[in-house]
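Chain by chain, the residues run as shown.
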Amino acid sequence: MRYRQLTTGTLALGVLLLIDVLRVWLPGIITIFGQAASTPAELMGAFALGWFVLAMGAPAVVRRVGARPVTVVAAVALAVARLTLTAAPGGRPQLWLATAGLLAGLVWLVGVAADTDRPVPGLALGFAVNAAVHAVLDTVDLVWRGDWVAWLLSAVAVAVFLVGTAQPGQRGGAGNAPADTAGAPADAAAGPGGARAWLLAGPALLLAGMVALSPALTRTGMSYLVAGDGVARSPLFGLAPVPVAVAGFLGAALTRPPRGWGRAYGPVALLAGAVLFALDRGDLLLPAILLASVGLGACLALTDDTSHPDSDTANAGTGASRRGYAVTAGMLVFALGSVGYYSAYDLGYPNAAVPVVVAVLVAAVAFTARPVVQRLPGPFPPLRAAASVTALALLAPVLADEVPVASNRDGPPARLTVVAYNIRMGFGLDGRFDLTGLADVVDRQRPDVVLLSEVDRAWLLNGGHDTLDLLADRLGMPYVFGPAADPVWGDAVLSRWPVSDPRTLPLAAVGAPTGAQALAVTLDLGDGVRTAVVSTHLQPPPGKGPVVQARAVANFATRYAAGRPLVVAGDLNTEPGDEAFAEFSNAGLVDALAAARPLATSPADDPRQQIDHIFVSPGLTPSDPVAPRSTASDHLPVAVTVTLPPR
């Protein structure tokens with residue numbers, strides 16, 4: 001492999017490994033350090049930001065010790081942490097392994113930046129390949145799989161990364177430095193430029209993971225196009241737009257930007273995509289993704305300044321320090337943006353401006369970069385590189401897209417088994433992403449309909465998974481999804497029977513920081529027999545019960561059912577005897593779990609609170625109520641079999 005290809009490929013592979021670590025570390029802040037929401041959000045934010053602030057000292061270490069030894073040591077630490085995480089140890093060992101990997105990855109970036117004044121090709125390939133691989137893996141990372149294939153692929157990636165890092169020619173600018181600079185003094189091989197591009201590494205990573213190159217968000221956007229009316233359904237080929245986004249991003253990032261005011265198309269497209277995303281509308285997610293992907297790639301291209309000649313050793317050393325501080329500042333922007341955006345759901349302040357502000361920063365840095373007069377060729381032919389990664393992404397709709405189909409059985413059933421479960425974004429008490437555990441405990445109840453709370457479909461903070469689609473595939477049940485906090489967070493109904501007439505009711509926040517809703521669907525059981533089902537997750541205001549929301553849900557559900565059999569279930573955050581609990585009884589609904597009381601469901605390892613419930617209309621006869629034990633979430637599921645009224 002030629003020198004420029006080696007340096008660019010190693011940078012791209014290192015970016016992939018760092019993103020893998022982030023997908024474990026970010027959820028660990030909530031599920032392990034956060035201790036099931038018992039830790040203040042401010043403390044979790046301080047923990048997250050502290051490691052990025054600590055990395056700000058890395059440029060001084062590089063300047064004193066030299067880029068080469070720092071890069072090699074940090075690369076080994078990153079590789080070991082990434083490979084060890086494949087074992088998914090869970091708990092605090094997992095959190096501290098991921099933290100060590102994150103810090104090593106940040107230091108590695110600083111070391112690479114010292115010797116690389118043209119990072120755009122490597123960063124762009126890293127972001128794009130990560131999106132393509134994540135889509136092919138159906139948004140479940142190798143870290144969480146743990147089978148022999150995951151170990152093999154992880155080991156290969158780590159080995160290639162370390163071999164590339166160890167090559168003596170791994171110095172100089174990735175695209176404009178000669179291969180014979182291996183013997184040059186530390187920090188002297190690269191030119192003085194590249195600081196702008198390195199500054200954008202962190203903000204670009206945030207926007208790519210949050211909007212532009214998120215396969216889970218792409219599938220979620222497709223699911224809104226299926227249903228309309230503010231709800232989402234299981235889509236056909238939900239990952240099909242991913243190759244389009246990848247091709248647009250790489251094509252824009254690796255080709256020469258236009259001159260004059262034509263340079264503005266990237267910043268304008270990125271800002272438009274960020275604004276559409278910030279509007280929190282499911283039907284706007286796809287245009288937001290496509291605009292942001294092209295715009296982000298074009299902004300990176302504007303900072304790919306390769307027109308300057310190599311400078312002397314003194315100027316190169318100054319440039320190396322500048323690049324080191326630029327990359328740490330950019331990664332601090334990533335941390336601030338992540339914490340600032342997702343903490344809003346705990347602290348209750350508006351967060352729509354966060355992606356827009358980050359996009360403005362990227363656009364401003366890119367547009368004010370000096371125009372490239374004579375662009376030197378990149379390490380890879382742009383068209384061939386974009387086509388290769390796009391071809392990989394094209395495998396995703398074929399390999400990863402599954403669409404469970406509900407169909408009527410012979411005649412209406414005499415009974416329905418209902419399961420309600422707060423799945424905590426798919427993460428168990430040990431902090432592991434545990435789809436198998438969730439699916440197993442639900443499937444053992446042989447459910448006809450499943451109502452889910454705390455469903456996450458693309459949050460970067462939770463690893464960027466589409467938890468709903470993944471769980472629906474494992475249960476073989478199509479879904480209807482109702483957004484609550486935003487278009488990718490809410491409640492869902494999965495059913496073995498066809499559903500119709502989905503409706504969602506946004507609930508008044510009444511001081512609670514996280515949004516809430518009620519999702520109603522009608523089960524079509526055959527021969528004209530229909531049953532109404534309502535899934536919700538009540539959010540109580542500080543120090544009070546969710547009385548207002550409970551009343552709204554009870555009234556909405558009874559009106560929607562219009563005399564038909566009715567089931568209302570979910571994490572209601574109220575206990576028997578509370579005022580909010582009584583709102584459902586006052587509406588004429590029956591506690592379907594009464595025969596098993598007390599039936600505590602939270603916390604899952606030592607249940608003491610009865611806050612997950614199933615209510616039914618008087619015409620339905622409940623039996624066999626149960627809360628099966630499992631630590632696949634911080635709640636236990638509740639299940640009951642209801643006998644339908646005679647026809």
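1. Here's the deal with the layout of surface pockets
- Quantified by volume, the second largest pocket comes out at close to 770 Å³.
- What lines the second largest pocket is a set of 33 residues, among which Leu-13, Leu-16, Val-129, Val-133 and Ala-157 lie closest to the centre.
- Mapped onto the lining of the second largest pocket, the elements with two or more residues apiece are α1 (3–33), α6 (120–136), α8 (148–166) and α17 (382–399).
- When residues of the lining of the second largest pocket are assigned to their parent elements, the largest contribution, 9 residues, is made by α1.
- Here the lining of the second largest pocket is built from residues that sort into 21 nonpolar, 7 polar and 5 charged.

2. Details of the confidence of the model for the chain
- When pLDDT is averaged along the chain, the result is 91; 93% of the residues meet or exceed 70.
- Here residues 170–189 is modelled with pLDDT under 50, and outside its nearest four sequence neighbours on either side it reaches 66 contacts, counting other chains as well.
- Counting contacts from residues 309–314, a segment whose pLDDT is below 50, to residues more than four positions away or on other chains yields 8 contacts.

3. Considering the environment of Gly-337
- Along the polypeptide, Gly-337 turns up in helix α15 (residues 313–347).
- Gly-337 sits 134 residues away from Pro-203 along the chain, and the two C-alpha atoms are 8.1 Å apart.
- In this view, Gly-337 contacts Leu-206 and Val-354; residues no more than four positions away in its chain are not counted.

4. Some thoughts on helix α2 (residues 41–54)
- Taking 1.5 Å as the rise per residue, α2 with 14 residues should run 20 Å; its terminal C-alpha atoms sit 20 Å apart, in good agreement.
- Ala-41, Met-44, Gly-45, Phe-47, Ala-48 and Phe-52 are the residues of α2 that are buried.

5. Structural notes on a nonpolar patch on the surface
- Judged by side-chain polarity, Trp-148, Val-149, Leu-152, Leu-153, Val-156 and Val-160 come together as a nonpolar surface patch covering roughly 580 Å² of accessible area.
- Its place among the elements puts Trp-148 in helix α8.
- Exposure remark for Trp-148: the relative accessible area of 65% places this residue in the exposed category.

6. What to know about the side chain of His-635
- Residue position: His-635 is located in the loop between β12 (621–626) and β13 (638–643).
- Judged by relative accessible area, His-635 falls into the buried class, the value being 5%.
- Separated by 2.8 Å, the side chains of His-635 and Asp-612 make a polar contact.
- If we skip the residues at most four places from it in the chain, His-635 touches Tyr-421, Asn-422, Asp-571, Thr-601, Ser-602, Ala-604, Ile-611 and Asp-612.

7. A few points about empty space enclosed by the protein
- Scanning the entire structure with this criterion turns up 11 cavities of 30 Å³ or more.
- Reported here for the largest cavity is a volume of approximately 180 Å³.
- Lining the largest cavity we find 17 residues, and of these Ile-19, Arg-23, Asn-130, Gly-209 and Leu-460 sit closest to its centre.
- The dominant element in the lining of the largest cavity, judged by the number of residues it contributes, is α1, at 4 residues.
- Class assignment of the residues belonging to the lining of the largest cavity gives a composition of 10 nonpolar, 6 polar and 1 charged.
- Roughly 130 Å³ of volume is contained in the second largest cavity.

8. Re the pairing of strand β7 (residues 516–524)
- Where burial is concerned, most of β7 is hidden: 9 out of the 9 residues are buried.
- Residues Ala-516, Ala-518, Ala-520, Thr-522 and Asp-524 line one face of β7 and the alternating positions Gln-517, Leu-519, Val-521 and Leu-523 line the opposite face, and both faces are buried.
- The pairing of β7 with strand β8 (residues 530–537) spans 7 bridges and is classified as antiparallel. In the sheet register, Thr-522 faces β8, and the bridge partner there is Ala-532.

Reading the values: rules and limits
- Residues numbered from 1 in each chain as written.
- Predicted model: local features only at pLDDT ≥ 70, side-chain atom pairs only at ≥ 80, totals over all residues.
- Heavy atoms only, no water.
- 1 Å grid on protein atoms, 1.4 Å probe; cavity = no way out; pocket = protein on both sides within 12 Å on 5 of 7 lines; lining within 4 Å.
- Points joined across faces, edges and corners; volume = space filled by probe spheres on them.
- Helix = DSSP H or I, 4+ residues; strand = E, 2+ residues; numbered from the N terminus.
- Nonpolar A, V, L, I, M, F, W, Y, C, P; charged D, E, K, R; others polar.
- pLDDT = per-residue confidence, 0-100.
- Contact = heavy atoms within 4.5 Å.
- Expected span 1.5 Å × (residues − 1).
- Buried < 20%, exposed > 50% of the residue type's maximum accessible area, 1.4 Å probe, protein only.
- Patch = residues over 30% accessible without salt bridge, like charges linked within 9 Å, V, L, I, M, F, W, Y side chains within 5 Å.
- Areas by Shrake-Rupley, 256 points an atom, 1.4 Å probe, with all protein chains shown as cover.
- Salt bridge = Lys/Arg side-chain N within 4 Å of Asp/Glu carboxyl O.
- Polar contact = N/O pair within 3.5 Å; in protein donor to acceptor, adjacent residues only side chain to side chain.
- Pairing = 2+ DSSP bridges.

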